[in-house]
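# Geometric and topological summary
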Amino acid sequence: MNGDITMTEAVQTSSSFTPRVLSGIQPSGGLTLGNYLGAMKRFVDMQEQEFQTLYCMVDLHAITVWQDPEKLRHATRELCAGFIAAGLDPAKSILFNQSQVPEHAQLGWIFNCVARMGWMQRMTQWKDKAGKNQQNASLGLFAYPALMAADILIYHATHVPVGEDQKQHLELTRDIAIKFNNDYGVDFFPVTEPVIEGAATRVMSLRDGSKKMSKSDPSDASRINMTDDADTIAKKIRKAKTDPEALPSEAKGLEERPEARNLVNIYAALAEQSVDQVLADVGGKQFSEFKPMLSELAVEKLAPISGEMARLMQHQDEIDAILAKGAAQAREIASPVLKRTYEIVGMVGS
């Protein structure tokens, strides 16, 4: 193969990019309602649209903080089970775990050399997770937005469904794509568009409406786990923090009421309605009336998913086979992109 790249060979126009969606979730233990409403539910919706869809368990990202190996394996399989139980069809979407597609890490190194230190230091999640202990945080935790960019761009993904908390990382992905294209005088990587939509793209804690629902919160009552049974879901919603006022009839009335806003957002997302539609029905009701409505809806939507997850986890060989097949399909897309990237950068290949 000729290692020289001419402009005609290297440049791709934007119209040449296949409409393609890539997103992923860390298998760091315990899927929550926040994962479902903020990501998985939207993943399912997008597989029915005009996009080719790839969804991965980003296990390389998970190890930016130490993981117990057995728990990581379990969490990866459980996340795959959650994807399928939520409605992702391996016949329609490519499902795989990140570490089975080495092109992610290989392109990640190229992007480590494109991204700037200052870009990484501005990342809010780096500041939040490393805190005052930055000197003892892993290099992976600092640099992982470059790997996230590689996760997306190794497939020339044109759209990424993300929560508000990941929007900054996607902006960095766009910056990396633009800088790479400018540095090498090509139009090789797409400038990926974020897809942020829906009433509950950021689901908050049931105990504190100012904090994101998180599997790392010490209080299990702060979240609804996707493995919770019907009684547990109902109990957590019944005990969710609220305020003494009745629900308003329009969204503006929720502005200074974070807990009320969170519960209404969750209801709206589960019911596939807008917040205004929900408030038109429940405005004036007390939480003693609204919480049972929310519990009934949550159990109706979530109990079948938790049941199917439990069933799938009894057949881990099937899960592993789905992940292996998905990884092979993903590599068919990723390998030519990496090969071309190496050529553009100037790597000698056989």
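Below, the structure is looked at part by part. (Residues numbered from 1 in each chain as written. Predicted model: local features only at pLDDT ≥ 70, side-chain atom pairs only at ≥ 80, totals over all residues. Heavy atoms only, no water.)

## Things to note about the pattern of salt bridges
How we decide: Within this document, salt bridges are pairs made up of a side-chain nitrogen of Lys or Arg and a carboxyl oxygen of Asp or Glu, the two lying within 4 Å of each other. Every helix listed is a DSSP run of H or I at least four residues long, and every strand listed is a run of E at least two residues long, numbered separately from the N terminus. Working definition: with a 1.4 Å probe on protein chains only, accessible area under 20% of the residue-type maximum means buried, over 50% means exposed, and in between means partly exposed.
Under the defined criterion, the tally for this structure stands at 14 salt bridges. In this structure, the salt-bridge partner of Arg73 is Glu70, at a minimum N-O distance of 2.6 Å. Residue Arg73 and its partner Glu70 are located together in helix α4 (residues 69-86), separated by three residues, close to a single helical turn. In this structure Arg73 comes out as partly exposed when scored by relative accessible area, which is 40%. Between Lys179 and Asp183 there is a salt bridge whose closest N-O contact spans 2.8 Å. Of this pair, Lys179 and Asp183 both sit in helix α9 (residues 167-184), separated by four residues, roughly a single helical turn. According to the relative accessible area criterion, Lys179 is partly exposed, its value standing at 22%. Exposure remark for Asp183: the relative accessible area of 45% places this residue in the partly exposed category. Put simply, Asp220, Arg223, Asp228 and Lys236 are held in one network by salt bridges that share partners.

## Structural notes on the environment of Gly24
What counts here: The contact criterion used is simple: two residues touch if any of their non-hydrogen atoms lie within 4.5 Å.
Along the polypeptide, Gly24 turns up in strand β1 (residues 20-25). What makes Gly24 partly exposed here is its relative accessible area of 31%. For the pair formed by Gly24 and Tyr55, sequence separation is 31 residues and the distance between their alpha carbons is 5.3 Å. Residues within four places of Gly24 in sequence aside, it is in contact with Phe43, Cys56 and Val58.

## Digging into unusual backbone geometry
What you tend to see is this: most non-glycine residues have negative phi, and most peptide bonds are trans. The phi dihedral of His156 is positive, around 50 degrees, even though this residue is not glycine. By the element assignment, His156 lies in the loop between α8 (139-153) and β4 (159-161). A positive phi is found at Glu272, a non-glycine position, where the angle reads about 55 degrees. Within the element layout of this structure, Glu272 appears in the loop between α11 (258-271) and α12 (275-282).

## Here we look at the nonpolar core
Under the convention used in this document: In plain words, nonpolar cores are sets of buried Ala, Val, Leu, Ile, Met, Phe, Trp, Tyr and Cys residues tied together by side-chain atoms within 4.5 Å.
Counting 58 residues, the largest nonpolar core has Leu33, Tyr36, Phe83, Leu270, Phe290 and Leu302 as its most contacted members. Residue contributions to this core peak at nine residues, all from helix α13 (residues 287-312). Apart from residues lying up to four places away in sequence, Leu302 is in contact with Leu33, Tyr36, Ile224, Met226, Ile233 and Leu270. Counting residues in hydrophobic clusters, the runner-up holds 46 residues, among them Leu22, Leu107, Phe111 and Val114.

## Notes on helix α2 (residues 33-47)
The condition is simple: To estimate the expected span of a helix, subtract one from its residue number and multiply by 1.5 Å. Note that the bend at a residue is defined as the angle between axes fitted to the seven residues ending at it and the seven residues starting at it. Whenever a nitrogen or oxygen atom comes within 3.5 Å of another N or O atom, the pair is scored as a polar contact, on the condition that within protein one atom can donate a hydrogen and the other can accept it, and that pairs from neighbouring residues in sequence are kept only if both atoms are in side chains.
Across its 15 residues, α2 extends 20 Å between first and last C-alpha, which sits within 8% of the 21 Å expected from 1.5 Å per residue. Most pronounced at Ala39, the bend in α2 amounts to some 35 degrees. Burial of α2 is extensive: 14 of the 15 residues sit out of reach of the surface. The distance from a side-chain oxygen at the start of α2 to the backbone nitrogen of Gly34 is 3.1 Å, and the residue carrying that oxygen is Thr32.

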